[in-house]
2 protein chains.
Amino acid sequence: MKIYVVGIGPGKADYMTPQAKQAIASADVIVGYDFYVDLLKDLTLGKEIFKTAMKQEVERCKIALEQAKKGKTVAFVCSGDAGVYGMAGIMMEVAKDHPEVAIEVVSGITAACSGAAVLGAPLIHDFAVISLSDLLTPWSRIEKRVTLAAEADFVICFYNPKSKKRADYLEKACRMILQYRSPNTPCGYVKNIGRDGEKGIISTLEQIGKISEIDMFTTVFIGNSETKIVNGKMVTPRGYIGV
Amino acid sequence: MKIYVVGIGPGKADYMTPQAKQAIASADVIVGYDFYVDLLKDLTLGKEIFKTAMKQEVERCKIALEQAKKGKTVAFVCSGDAGVYGMAGIMMEVAKDHPEVAIEVVSGITAACSGAAVLGAPLIHDFAVISLSDLLTPWSRIEKRVTLAAEADFVICFYNPKSKKRADYLEKACRMILQYRSPNTPCGYVKNIGRDGEKGIISTLEQIGKISEIDMFTTVFIGNSETKIVNGKMVTPRGYIGV
């Protein structure tokens, strides 16, 4: 009668916490988006596995709930952290009429953190995390958040910066930020974090919206007014004296 | 000639990634704030150890740099993620004239993620992370960020919400947010995340600023306009249809 919603980190086993591994090891049943379940194949041998395609999030939660109600221990896996645009929330909503099913969230390294490490240290000071996907959120709300985050001088980390259907969203967001920050503001992006083909690139606020290789598997970082480049790394100072 | 700046997560070994353990294992020298170095004693046997007290951040970086310049591999450890209010940035700034010293950031689970998991799923949608400490940041800038984050309807995660000298900062911040959100907005806090005595409490925006046990070792979560309580957990919906 237990569901672990497990963040497995960006992908490679190197980034997965012992707590996440233990949750998967203790489970009878594994549920997840097929790409992520496949990443775990060494850990899931002999377990019952339910994989679903993308965008079937509610379906996936219902499967996890049904299995748990049968008395099984379920590991419901997602990439990154289960609590950052992850499945932890929707799982709890789907199971709201079943308080007898215990739901435990096991956190993982989210792309804001793993991506920041690749670029240097962009998130050292206050930051905002915004998804540019308007599949579930009206674009007007995203626009308001981007503008106010820019005005507040937050470092900004964008998840889902672009897709084929939303090819110009990052560029639109950058134009809003340019009302508050210099075109030379250091920015960066990381593709395939913690996976084969990982690639981190430093750019500027003026340029980054135009870069075509940025896609759904990319995380984008926009510096604040003090972010700088130090030996090729993106660094946001915190204000220590004597540096 | 290498410095790993390693985020060890909230504390217990259960939360530390294999990547972080490997970096510590590969090091000749361990540098860090004494409390965190002591947490690692099983991993650091036989290594040269430099511990410093709190607030000696620049000093700690200089020690790490001196050791690396001698040709040693250094693991510079910090709690949570090294890149979120961590030592990764200041280490790069201190080493700016020594590009020959490679600095690699190894990310860990930051308190926003580990704390969110204890409370439920508060960070499922766009969020802002703000430190309420004005030791290094003018209060006017903090105030501006809190107000704009409230207006933008971000879920807000506060680090360093209070100390003895800053006993009323969280209450002041909550009063600013109350201009934009209902007094009944679900909020929560987690003390001693991932350590002995871990404690997560759900509260409201009206109440949380007055809670005396919230201190420097506490992380605070303020819900957005849609955050709700589901079976005693704090859940921010993302907008999936069919829940």
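Note: the structure precedes this text.
Criteria and cut-off values
- Residues numbered from 1 in each chain as written.
- Chains lettered and ligands numbered in written order.
- Predicted model: local features only at pLDDT ≥ 70, side-chain atom pairs only at ≥ 80, totals over all residues.
- Heavy atoms only, no water.
- Contact = heavy atoms within 4.5 Å.
- Buried area = accessible area lost by both parts, 1.4 Å probe.
- Salt bridge = Lys/Arg side-chain N within 4 Å of Asp/Glu carboxyl O.
- Polar contact = N/O pair within 3.5 Å; in protein donor to acceptor, adjacent residues only side chain to side chain.
- Nonpolar A, V, L, I, M, F, W, Y, C, P; charged D, E, K, R; others polar.
- Pairing = 2+ DSSP bridges.
- Helix = DSSP H or I, 4+ residues; strand = E, 2+ residues; numbered from the N terminus.
- Patch = residues over 30% accessible without salt bridge, like charges linked within 9 Å, V, L, I, M, F, W, Y side chains within 5 Å.
- Areas by Shrake-Rupley, 256 points an atom, 1.4 Å probe, with all protein chains shown as cover.
- Buried < 20%, exposed > 50% of the residue type's maximum accessible area, 1.4 Å probe, protein only.
- Least-squares fit on C-alpha atoms with pLDDT ≥ 70 in both.
- Phe/Tyr/Trp six-rings, centres within 6.5 Å; stacked < 30°, edge-to-face > 60°.
- Axes fitted to C-alpha atoms, helices over the stretch in contact; angles between N-to-C directions.
- Core = buried A, V, L, I, M, F, W, Y, C linked by side-chain atoms within 4.5 Å.
- Parallel < 35°, antiparallel > 145°, perpendicular 65-115°, else oblique.
- Left-handed = near helix turned anticlockwise from the far one by under 90°.

**Some points on the interface of chain B and chain A**
Contact with chain B, which involves 74 residues of that partner, is made by 74 residues of chain A. Of all residues in chain B, B:R145, B:R238 and B:Y240 bury the most surface against chain A, accounting for 11% of the area lost on that side. Where chain B packs against chain A, one counts eight salt bridges. Of the charged contacts in the structure, one is a salt bridge between B:E93 and A:K228, with a shortest N-O distance of 3.1 Å. If you look at where chain B meets chain A, you find 28 residue pairs in polar contact (both at pLDDT 80 or more). For the side of chain B that touches chain A, the residue count by class is 38 nonpolar, 19 polar and 17 charged. Sheet topology places strand β7 (residues 127-131) of chain A next to strand β7 (residues 127-131) of chain B; three bridges connect them, and they run antiparallel. Along β7(B), the bridge assignment pairs A:F127 with B:V129.

**Describing a nonpolar patch on the surface**
Residues and elements named next belong to chain A. Together, M54, M216 and F217 line one region of the surface with nonpolar side chains, adding up to about 270 Å² of accessible area. Looking at where M54 falls in the secondary structure, it is placed in the loop between β3 (48-52) and α3 (57-69). You can call M54 partly exposed: its relative accessible area is 41%.

**What to know about the relation of the copies chain B and chain A**
Screw-axis analysis of chain B against chain A gives a translation of 0.0 Å along the axis, an RMSD of 0.0 Å, and a rotation angle of 180°. When the rotation and shift are considered jointly, the pair of chain copies conforms to a two-fold rotation axis. Interface residue correspondence from chain B to chain A reaches 100%, placing this contact among same-surface, isologous pairings.

**Some words on the packing of aromatic side chains**
Residues and elements named next belong to chain A. Across all of its chains, the model carries 10 aromatic pairs over all chains by this definition. Judged by centre distance (5.6 Å) and plane angle (70°), the ring pair of F35 and Y36 falls under edge-to-face. Assessed through its relative accessible area of 14%, Y36 is described here as buried. By way of ring pairs, the aromatic residues Y33, F35 and Y36 are connected into one cluster.

**Quick look at the environment of A:Q67**
All names here are of chain A. Here Q67 is to be found in helix α3. Between the alpha carbons of Q67 and D28 there is a distance of 9.3 Å; along the sequence they are 39 residues apart. With near-sequence residues (within four places) excluded, Q67 lies in contact with V29, E48, F50, K72 and V74.

**Brief notes about the sheet that holds strand β4 (residues 73-78) of chain A**
Whenever strands of a sheet pair, they do so through backbone hydrogen bonds, lying parallel or antiparallel. Residue and element names in this part refer to chain A. Reading across the sheet, the five strands line up as β3-β2-β4-β1-β5 and stay open at both edges, with parallel pairing between neighbours. The open sheet has two free edges, formed respectively by β3 and β5 (102-106), since each of these has just one partner strand. Averaged over all pairs of adjacent strands, the angle between strand axes in this sheet comes to 20°, irrespective of strand direction. Strand direction decides the pairing type here: strand β2 (residues 29-33) and β3, joined by five bridges, are parallel. Among the inter-strand pairings, V29 is bridged to a residue of β3, identified as E48.

**A short note on the pattern of salt bridges**
Applying the stated rule across the entire model yields 24 salt bridges over all chains. For B:D153, the salt bridge identified is with A:R145, shortest N-O distance 3.7 Å. With B:D153 in the loop between α6 (139-151) and β8 (155-159) and A:R145 in helix α6 (residues 139-151), this residue pair bridges two chains. The pair B:D153 / A:R145 is uniform in exposure class, with both members buried. One salt bridge connects B:E66 with B:K69, and the closest N-O pair in it is separated by 3.6 Å. Linking B:E66 with B:K69, this pair stays in helix α3 (residues 57-69), spanning three residues, or about one helical turn. The class of B:E66 is partly exposed, set by a relative accessible area of 40%. According to the relative accessible area criterion, B:K69 is partly exposed, its value standing at 32%. Each of the salt bridges in this network shares a partner with another, and the network as a whole consists of A:D126, A:D153, A:R181 and B:R145.

**Let's talk about the nonpolar core**
A:F158, A:I222, B:F158 and B:I222 are the most contacted members of the largest nonpolar core, which has 53 residues in total. With sequence-adjacent residues up to four places away left out, A:I222 is seen in contact with A:V155, A:I156, A:F158, A:C174, A:I177, A:R181, A:P186, A:C187, A:L205, A:I208 and A:M234. Ranked by size, the runner-up nonpolar core spans 36 residues in total, among them A:I109, B:Y85, B:L119 and B:L123.

**Digging into the sheet that holds strand β4 (residues 73-78) of chain B**
Residue and element names in this part refer to chain B. Ordered by their spatial adjacency, five strands build an open sheet running β3-β2-β4-β1-β5, and the pairing between neighbours is parallel. In this open sheet, the two edge strands, each paired with only one partner strand, are β3 (48-52) and β5 (102-106). Geometrically, the sheet is characterised by an average inter-axis angle of 20° between neighbouring strands, direction not taken into account. Summarising the sheet, strand β2 (residues 29-33) and β4 pair through four bridges and their orientation is parallel. Note that in β4 the partner of I30 across the bridge is A75. Those strands touched by helix α1 (residues 18-26) are β1 (2-7), β2, β4 and β5, and its axis lies near 140° from that of β1.

**Side note on the packing of α6(A) against helix α7 (residues 169-178) of chain A**
Residues and elements named next belong to chain A. The N-to-C vectors of α6 and α7 enclose an angle of 40°; their axes lie 9 Å apart at closest approach. When the interaxial angle is binned, α6 and α7 end up oblique. Relative to α7, α6 is oriented so that their crossing is right-handed. Two secondary-structure elements touch here, α6 through W139, E143, V146, T147 and A150 and α7 through Y169, K172, A173, M176 and I177. Here the contact of α6 with α7 is composed, by residue class, of seven nonpolar, one polar and two charged.

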